[in-house]
Amino acid sequence: MSDWQRLLVPDTPLWEIAVRGSAIYLALFFLLRVLLKRESGSTGMTDLLVIVLIADAAQNAMAADYTSITDGVALVAVIIGWAYLLDLLSYRFPAVARIIQPGSLVLVRDGRMLRRNMRRELVTEDELYAQLRQQGVEDLTDVKEVRMESQGQFSVITRDGGGRR
């Protein structure tokens, strides 16, 4: 027979779960936003965080050795709540959106690499050329513009007006 009280009654105060979950979510959001923009690929950063943190919510590290289902559900609710709140704030307030979803960055303009921007995002020439080849562009002089989008993918606009993603 199961001990229902141990299973369902939180053994960690809900405020502590909210504080721990919020601190981890916001810290990881900041680190991913600043350091790993390119690495998130086509998955949105908030989606990536939700996936990673929900997986980690099964671990005891964020919630001080919780054992009840209620503790785990509360932590997952905090994580999803932050993801929703940040998306909502981005949608409602353009200034917040610029912080949460950075704009695209031009890496090539009129066939010339913008090395300062490439350095800023740690994009090597080899990586840029690989991206161009993947999108069917053989020569840099055929490129009007290459942008690294906020989610890390490259958009290419060729001189003939063709756009590729």
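I will try to describe carefully the structure that is included in this document. (Residues numbered from 1 in each chain as written. Predicted model: local features only at pLDDT ≥ 70, side-chain atom pairs only at ≥ 80, totals over all residues. Heavy atoms only, no water.)

### Quick word on the side chain of Asn117
Our working definition: Secondary structure elements follow DSSP: runs of H or I of four or more residues count as helices, runs of E of two or more count as strands, with numbering from the N terminus. Here a polar contact is taken to be a pair of N or O atoms separated by no more than 3.5 Å, where protein atoms must pair a possible hydrogen donor with a possible acceptor and residues adjacent in sequence count only if both atoms sit in side chains. Contacts were defined at the residue level, with two residues in contact if any of their heavy atoms lie within 4.5 Å.
Note on placement: Asn117 falls in helix α6 (residues 115–120). A polar atom in the side chain of Asn117 sits 2.7 Å from the backbone oxygen of Val106. Setting aside chain neighbours within four positions, we find Asn117 in contact with Leu105, Val106 and Leu107.

### Focus on the environment of Leu89
Position of Leu89 among the secondary structure elements: in helix α4 (residues 69–92). Along the sequence, Leu89 and Ile100 sit 11 residues apart, while their C-alpha atoms lie 9.0 Å from each other.

### Concerning the pairing of strand β3 (residues 143–148)
Threshold: In this analysis, strands are considered paired if DSSP registers two or more bridges between them.
Taken together, the 4 bridges between strand β1 (residues 105–109) and β3 define a ladder with antiparallel strand orientation. Bridging from a neighbouring strand, Leu105 pairs with Met148 of β3. Bridge count for β3 against strand β4 (residues 154–158) is 5 bridges, and the pairing is antiparallel. Considered in β4, the bridge of Arg147 is made with Ser155. Count of turn residues in the β3/β4 antiparallel hairpin: 5 residues, of which Gly152 carries a positive phi of about 105°.

### Considering the packing of aromatic side chains
Inclusion rule: Working definition: rings of Phe, Tyr and Trp (its six-membered ring) pair if their centres are within 6.5 Å, and the pair is stacked with planes under 30 degrees apart, edge-to-face with planes over 60 apart, and tilted otherwise. Relative accessibility decides the category of a residue: with a 1.4 Å probe and only protein chains considered, values under 20% of the type maximum give buried, values over 50% give exposed, and everything between is partly exposed.
A full pass over the atoms with the stated rule returns 1 aromatic pair. Residues Tyr25 and Phe29 carry aromatic rings whose centres are separated by 6.4 Å and whose planes lie at 15° to one another, so their mutual orientation is stacked. Taken together, the positions of Tyr25 and Phe29, both in helix α2 (residues 14–35) and 4 residues apart, correspond to about one turn of that helix. Assessed through its relative accessible area of 0%, Tyr25 is described here as buried. We classify Phe29 as buried; its relative accessible area is 9%.

### Observations concerning the pattern of salt bridges
Rule in force here: A carboxyl oxygen of Asp or Glu within 4 Å of a side-chain nitrogen of Lys or Arg is what we treat as a salt bridge.
Scanning the model with the defined rule gives 4 salt bridges in all. Here Arg20 ties to Glu16 by a salt bridge, and the two come within 2.9 Å at their closest N and O atoms. One end of the pair, Arg20, and the other, Glu16, are both in helix α2, 4 residues apart, so they sit about a helical turn from each other. Two residues, Glu125 and Arg115, come together in a salt bridge whose shortest N-O distance is 2.7 Å.

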